[in-house]
Amino acid sequence: MHYYRYSNAEVSCWYKYLLFSYNIVFWLAGVAFLAAGLWAWSEKVRIEMTGLTLVTGLHGLDPVVLVLLVGIVMFTLGFAGCVGALRENICLLKFFCGAIVFIFLLELAVAVMAFLFQDWVRDRVKEFFENNIKSYRDDIDLQNIIDSLQRINHCCGAQGPEDWDFNIYFNCNSQSKSREKCGVPFSCCIPDPAQKVVNTQCGYDIRKKSKNQWEDQIFVKGCIHALEAWLPRNIYIVAGVFIAISLLQIFGIFLARSLISDIEAVKASNAF
């Protein structure tokens, strides 16, 4: 008895496994972000015991929510790309491709808007900073981010040290009996090279003094001005990162579209 093997068209393994390899990295990164976000969230619930107030009570940025959102997006796209490539599922591949295109266009639109409407963006950034200053003591993760931002950029507040009046603990005019009243966080203080231990009380009562004395003890430049000065100095790094991310996204779109076209061609060929 003779067996005949019919030669059917097959999907290119190059496109298939390249796209799988491309997505497995993002899928694993999404898993890592989700794991870190869920762990941090559980720690907050355990320590604060506040439940939904972790979401509704914080007026500024909650870093844990941001990590969870990034993890969900990366996990979903990575999973769709991996399964779509291995199973040659056109629906999943089109979802992955469409989502990457949407994210790419969103990034491009944000960059163009930021360039064309700089004053509006500056106002929104100022408002964002002020909201986070209000919530400085409400969330330990947010507190660490603000402290790192001020310490690294040698700045204090959004426009200047006076912005810490937005926080009830540091407000000079409030009736609060907080020991931090009319002060600034320790991250606003000019570090003393001779000190090996961080003095967390260095900003106490500093704003009760005259502004001429501030410059000797704290940073007087606002973080918005510091970031505006940082950007021109590091424009090539920022542009390089943006271009690298864009090229990765374009490469993923190219692989997905090529695999979709290949699958559709194979199905059409095998239909006859």
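Residues numbered from 1 in each chain as written. Predicted model: local features only at pLDDT ≥ 70, side-chain atom pairs only at ≥ 80, totals over all residues. Heavy atoms only, no water.

As annotated in an unreviewed UniProt entry, the chain carries the name Tetraspanin and comes from Neopipo cinnamomea. The heading Sequence similarities (unreviewed entry) in the UniProt record of the chain holds the text "Belongs to the tetraspanin (TM4SF) family." (UniProt positions renumbered as here; feature names shortened; annotations may be inferred.)

A. Structural context of the state of the cysteines. One pass over the full model with this rule turns up four disulfides. The disulfide that involves Cys155 links it to Cys223, with 2.1 Å between the sulfurs. Taking the torsion about the sulfur-sulfur bond, which here is approximately 80 degrees, the covalent link between Cys155 and Cys223 counts as right-handed. Of this pair, Cys155 sits in the loop between helix 6 (140–153) and helix 7 (211–214) while Cys223 sits in helix 8 (residues 223–233), and the two are 68 residues apart along the sequence. (Disulfide = S-S within 2.5 Å. Helix = DSSP H or I, 4+ residues; strand = E, 2+ residues; numbered from the N terminus.)

B. Seen up close, the packing of aromatic side chains. Scanning the model with the defined rule gives eight aromatic pairs in all. Measuring from ring centre to ring centre gives 6.0 Å for Tyr22 and Phe251, while their planes differ by 65 degrees; the resulting arrangement is edge-to-face. Of this pair, Tyr22 sits in helix 1 (residues 13–48) while Phe251 sits in helix 9 (residues 235–270); the two residues are 229 residues apart in sequence, bridging distant segments of the chain. Using a relative accessible area of 37% as the deciding quantity, one classes Phe251 as partly exposed. Between the aromatic rings of Trp27 and Phe75, the centroid separation amounts to 5.9 Å while the plane-to-plane angle is 35 degrees, which identifies the pairing as tilted. With Trp27 in helix 1 and Phe75 in helix 3 (residues 63–87), this residue pair connects regions lying 48 residues apart in the sequence. (Phe/Tyr/Trp six-rings, centres within 6.5 Å; stacked < 30°, edge-to-face > 60°. Buried < 20%, exposed > 50% of the residue type's maximum accessible area, 1.4 Å probe, protein only.)

C. Structural detail: the UniProt feature "transmembrane region" (unreviewed entry) in the chain. UniProt feature "transmembrane region" (unreviewed entry): in the numbering of this structure it lies at residues 20–42, 63–86, 92–117 and 235–256. Its end C-alpha atoms 37 Å apart, residues 92–117 is made of 96% helix and 0% strand.

D. Expanded view of the environment of His154. Mapped onto the fold, His154 is located in the loop between helix 6 and helix 7. A residue is classified by how much of its surface remains accessible, and His154, at 46% relative accessible area, is partly exposed. For the pair formed by His154 and Pro191, sequence separation is 37 residues and the distance between their alpha carbons is 9.7 Å. The residues touching His154, leaving out its near neighbours within four places in the chain, are Phe219 and Lys221. (Contact = heavy atoms within 4.5 Å.)

E. Representation of the environment of Phe254 in the model. Considering the arrangement of structural elements, one finds Phe254 in helix 9. Separated by 235 residues in sequence, Phe254 and Leu19 have C-alpha atoms that sit 9.5 Å apart.

F. Seen up close, the packing of helix 3 against helix 4 (residues 90–116). The interhelical angle for the contact between helix 3 and helix 4, taken along N-to-C directions, is 140 degrees, at an axis separation of 8 Å. Considering their axes alone, helix 3 and helix 4 lie oblique with respect to each other. Remark: the crossing between helix 3 and helix 4 carries left-handed chirality. Of helix 4, the residues touching helix 3 (which contributes Val73, Thr76, Leu77, Ala80, Gly81, Val83, Gly84 and Ala85) are Leu92, Leu93, Phe95, Phe96, Ala99, Ile100 and Ile103. (Axes fitted to C-alpha atoms, helices over the stretch in contact; angles between N-to-C directions. Parallel < 35°, antiparallel > 145°, perpendicular 65-115°, else oblique. Left-handed = near helix turned anticlockwise from the far one by under 90°.)

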